[in-house]
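Below, each chain spelled out in residue letters.
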Amino acid sequence: MWQYVLRRLILTIPVLIGVSLLVFAMVRLVPGCPAVAIAGVHATPEFVEQVRRDLGLDRPLHTQYFIFVGNLLRGDLGVSTRTGRPAATEIWDKFPNTVELAMASTLVASVIGIIAGVISATRQHSIFDSGSMLVALFGVSVPVFWLGLVLMLLFAVTLDWLPAGGRGGTIEYLILPAITLGAASAAIIARMTRSSMLEVLRQDFITTARAKGLRERIVTYKHALKNALIPVVTIIGLQSGILLGGAVLTETVFAWPGVGRLMVDSIMARDFPVVQGAVLLFAVCFVFVNLFVDVLYSFLDPRIRYE
Amino acid sequence: MVVDQEAAVTVSQKTSPFWDGIRRLKRNRMAMVGLVIISIFVLCAVLAPWIAPHDPLDPSLPHTLQEPSPANPLGRDELGRDILSRILHGARISLSIGLISVAIGALIGVPIGAISGYYGGKIDLIVQRLIDIMLAFPGILMAIVIVSTLGVGLRNVMIAVGIVSIPIYVRLVRGSVLQVKEQEYISSARALGSSNLRIISRHILPNCLGPIIVQSTLQIATAILWASGLGFLGLGAQAPTPEWGTMLSRGRVFIRVAPHVTIVPGLAILLSVMGFNLLGDGLRDALDPRLKR
């Protein structure tokens, strides 16, 4: 088991190096001078010169990259051109809010997805099955930002049940953004749970369980669901990509003060140190969540380790 | 004799995997619904200049945010422009984004995937590590990064979404090639002296076409969603272009007083994406027996 974890960890290193290379290249590929892009178009020539020196832009490209990585390892992402504060501080301040939203969305998506999937599978071809799969189709097709606006219009503007946006510190503020962000994942989890349950319900041990005279509820939840959930766990983990990408849009709709919204604002203001930092953070989170899912899956299904 | 010929045609149709797939697709009601939705949007896109009741860019300040009426069935936007006309013209943009970005992704991703899978070894190792790096960024986030680097605008959105699709095609085609290249007819082609290029282009890729078509249909849906998301964030098409995501973004300021300005473009995105998803799912069931549920 530990050998497998170690192997997966080692495989992550080249990916992380590649991610750092891409983020490094990002500013260098911006049309025009990278120093101006980082310092901001309104910066004084002296400040631009200072940025040029700090980044080592007069040195060879590989030296620039090592300076970048060195700074990165010290947690130095540069200074935000908008606020003048360290970019790392700007991002870390917002990060807990994004984590909170992502976790709430995962919870919403998992609960709704698994329940809908199980009921659909146990009542295959029923109205509930067709209805929930239609809703799932809606879930994977709906633009997350539009769903957010419609929910806001309905529950905040028309019914006045929930706040329209912001992060007030109470759970009411979290409900609409979490449902919005979790909708697509809930749909995918529901589809996966349904097909996984249908496959398990056809197997011999389920027939045996029924033949023993066990109640249908025990057969479904104790025997079938336990086995059907293995691939579902992977799918839930893999949704982190959708959640991180969707967070950028959801946070913008609901004025949620997270890293996604910070990134969009920084792109608009051409605040590259913050954009670079935010992109890096999202990518690193995604890589490590995937790693965690792989390890968890190998724990749940030991055959994976030997492949 | 005539009867025999008809029987022969029927038999050949029955035994052709292509026609078998088409028949399966025709029987799939949801896929047909998807095809009808896509056809309607394609017709709207093609005929937009003739069927749009008004100029999509023509403002009418006395009529701003007007609700739907017989003269303007979907109402008017914040500058008094006819929303129906803008939706019809927007179909051109969204479908173009979907098709062009998928074409970029497929044209680059398919050959790389085929070479990676066919040759294996170091080439495969390098390609797969590069793909791992690209996949380390969640899809739309990667597109945002590319657009913020290249600059905002419709052309860069297509390039960005296309680039993000590349790893999906590389993985898909590589997997298919790995399966196909072990088949006996590939060994026979090799024994007959066919070059590697000929084997890949004439024998391997045609056999991977099913999954590529399925993925492309589903990918168009994703491309429309991502491009509208970029438009919503202000990184895509710029005003006054009638792109659905951009329209929705500009309308949201008025959501309390004129919700139709936001709701209508969103419905257009939802329906078109749903159409491609339905058809894609149907095609998967019909053309890709491995994924058939």
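Given the structure is predicted, the values throughout are model-derived calculations rather than measurements. (Residues numbered from 1 in each chain as written. Chains lettered and ligands numbered in written order. Predicted model: local features only at pLDDT ≥ 70, side-chain atom pairs only at ≥ 80, totals over all residues. Heavy atoms only, no water.)

(A) Broad picture of the packing of aromatic side chains. Residue and element names in this part refer to chain A. Summed over the entire model, instances satisfying the criterion amount to eight aromatic pairs over all chains. Considering the side-chain rings of Phe-24 and Tyr-65, the 5.4 Å spacing of their centres and the 75° angle between planes classify their relative orientation as edge-to-face. Note that Phe-24 is positioned in helix H1 (residues 2-29) and Tyr-65 in helix H4 (residues 61-73), a separation of 41 residues in sequence. There is no split in this pair, since Phe-24 and Tyr-65 are both buried. A connected cluster of aromatic rings, assembled from ring pairs, spans Phe-24, Tyr-65, Phe-66 and Phe-68. (Phe/Tyr/Trp six-rings, centres within 6.5 Å; stacked < 30°, edge-to-face > 60°. Helix = DSSP H or I, 4+ residues; strand = E, 2+ residues; numbered from the N terminus. Buried < 20%, exposed > 50% of the residue type's maximum accessible area, 1.4 Å probe, protein only.)

(B) A look at helix H10 (residues 244-251) of chain B. For H10 of chain B, a buried count of seven out of eight residues is recorded, marking the element as mostly surrounded by other parts of the structure. Residues Trp-244, Gly-245, Thr-246, Met-247, Leu-248, Ser-249 and Gly-251 of chain B constitute the buried set of H10 of chain B. The inward-facing, buried residues of H10 of chain B contact helix H7 (144-158) of chain A together with helix H3 (29-51), helix H4 (83-119), helix H9 (196-232) and helix H11 (260-287) of chain B. The opening residue of H10 of chain B is Glu-243 of chain B, an N-cap whose side-chain oxygen sits 3.1 Å from the backbone nitrogen of Gly-245 of chain B. (Contact = heavy atoms within 4.5 Å. Polar contact = N/O pair within 3.5 Å; in protein donor to acceptor, adjacent residues only side chain to side chain.)

(C) Molecular detail of the pattern of salt bridges. Summed over all chains, the structure comprises 16 salt bridges over all chains. Salt-bridge contacts for Asp-281 of chain B lead to Arg-191 of chain A; the nearest nitrogen and oxygen are separated by 3.4 Å. Here Arg-191 of chain A lies in helix H8 (residues 172-201) and Asp-281 of chain B lies in helix H11, a pairing that spans two chains. One salt bridge in this structure joins Arg-174 of chain B and Asp-124 of chain B, with 2.7 Å as the shortest N-O distance. Residue Arg-174 of chain B is located in helix H7 (residues 154-180), and its partner Asp-124 of chain B is located in helix H5 (residues 121-135); the two are separated by 50 residues in the primary sequence. Within the structure, one salt-bridge network assembled from shared partners comprises Asp-77, Glu-78, Arg-81, Arg-86 and Arg-250 of chain B. (Salt bridge = Lys/Arg side-chain N within 4 Å of Asp/Glu carboxyl O.)

(D) Summary view of empty space enclosed by the protein. All names here are of chain B. One pass over the structure, following the stated rule, counts one cavity of 30 Å³ or more. Broken down by secondary-structure element, the contributors of at least two residues to the lining of the largest cavity are H4 and H11. Tallied by class, the residues present in the lining of the largest cavity amount to four nonpolar, no polar and four charged. (1 Å grid on protein atoms, 1.4 Å probe; cavity = no way out; pocket = protein on both sides within 12 Å on 5 of 7 lines; lining within 4 Å. Points joined across faces, edges and corners; volume = space filled by probe spheres on them. Nonpolar A, V, L, I, M, F, W, Y, C, P; charged D, E, K, R; others polar.)

(E) Up close: the interface of chain A and chain B. Contact residues are listed per partner, giving 42 residues for chain A and 38 residues for chain B. Across the interface of chain A and chain B, roughly 3500 Å² is buried in total on both sides, 82% from carbon and sulfur atoms. By the criterion of area lost to chain B, the three top residues of chain A are Phe-145, Trp-146 and Leu-149 of chain A, representing 17% of everything that side buries. Our enumeration of links across chain A and chain B arrives at one salt bridge. For the interface between chain A and chain B, the tally reads four residue pairs in polar contact (both at pLDDT 80 or more). Those elements that provide at least two residues to the side of chain A that touches chain B are H1, helix H6 (127-141), H7, helix H11 (240-253), helix H12 (259-268) and helix H13 (272-300) of chain A. Among the elements that make up the side of chain A that touches chain B, the one with the highest residue count is H1 of chain A (eight residues). Taken together, the residues of the side of chain A that touches chain B break down into 35 nonpolar, five polar and two charged. (Buried area = accessible area lost by both parts, 1.4 Å probe.)

(F) Looking closely at the nonpolar core. Ranked by internal contacts, the top residues of the largest apolar core, which has 130 residues, are Phe-145 and Met-263 of chain A together with Ile-144 of chain B. Discounting residues that sit within four places of it in the chain, Ile-144 of chain B has contacts with Val-248, Met-263 and Ile-267 of chain A together with Leu-230, Leu-233 and Leu-235 of chain B. Of all hydrophobic cores here, the second largest spans 18 residues; its members include Ile-114, Met-197, Leu-198 and Leu-201 of chain A. (Core = buried A, V, L, I, M, F, W, Y, C linked by side-chain atoms within 4.5 Å.)

(G) Geometry of the side chain of Thr-98 of chain A. All names here are of chain A. Relative to the elements of secondary structure, Thr-98 occurs in helix H5 (residues 87-122). According to the relative accessible area criterion, Thr-98 is buried, its value standing at 3%. Of the polar contacts made by the side chain of Thr-98, one reaches the side chain of Glu-251; its length is 2.9 Å. Those residues within four positions of Thr-98 in sequence are excluded, and the remaining contacts are Glu-251, Trp-256, Gly-258, Val-259, Gly-260 and Phe-282.

(H) Spatial organisation of the confidence of the model for chain A. For chain A, per-residue confidence averages 87 on the pLDDT scale, and residues scoring 70 or more make up 98% of the total. The least confident element of chain A is helix H2 (residues 34-39) of chain A, whose mean pLDDT is 75; the most confident is H7 of chain A, at 94. (pLDDT = per-residue confidence, 0-100.)

(I) Expanded view of the packing of helix H6 (residues 139-150) of chain B against H7 of chain B. All names here are of chain B. At a minimum axis distance of 9 Å, the contact between H6 and H7 shows a crossing angle of 140°. Taken together, H6 and H7 sit at an angle that is classed as oblique. The way H6 lies across H7 gives a crossing that is right-handed. Where H6 abuts H7, its residues Gly-139, Met-142, Ala-143, Ile-146, Val-147 and Leu-150 lie against Asn-156, Val-157, Ile-159, Ala-160, Ile-163 and Val-164. (Axes fitted to C-alpha atoms, helices over the stretch in contact; angles between N-to-C directions. Parallel < 35°, antiparallel > 145°, perpendicular 65-115°, else oblique. Left-handed = near helix turned anticlockwise from the far one by under 90°.)

(J) Up close: unusual backbone geometry. Backbone torsion omega between Ala-239 of chain B and Pro-240 of chain B reads 5°, so that peptide bond is classified as cis. Note on placement: Pro-240 of chain B falls in the loop between H9 and H10. The phi torsion at Asp-160 of chain A lies on the positive side, around 60°, for a residue other than glycine. Looking at the element boundaries, Asp-160 of chain A is found in the loop between H7 and H8. When its relative accessible area of 61% is taken as the criterion, Asp-160 of chain A is described as exposed.

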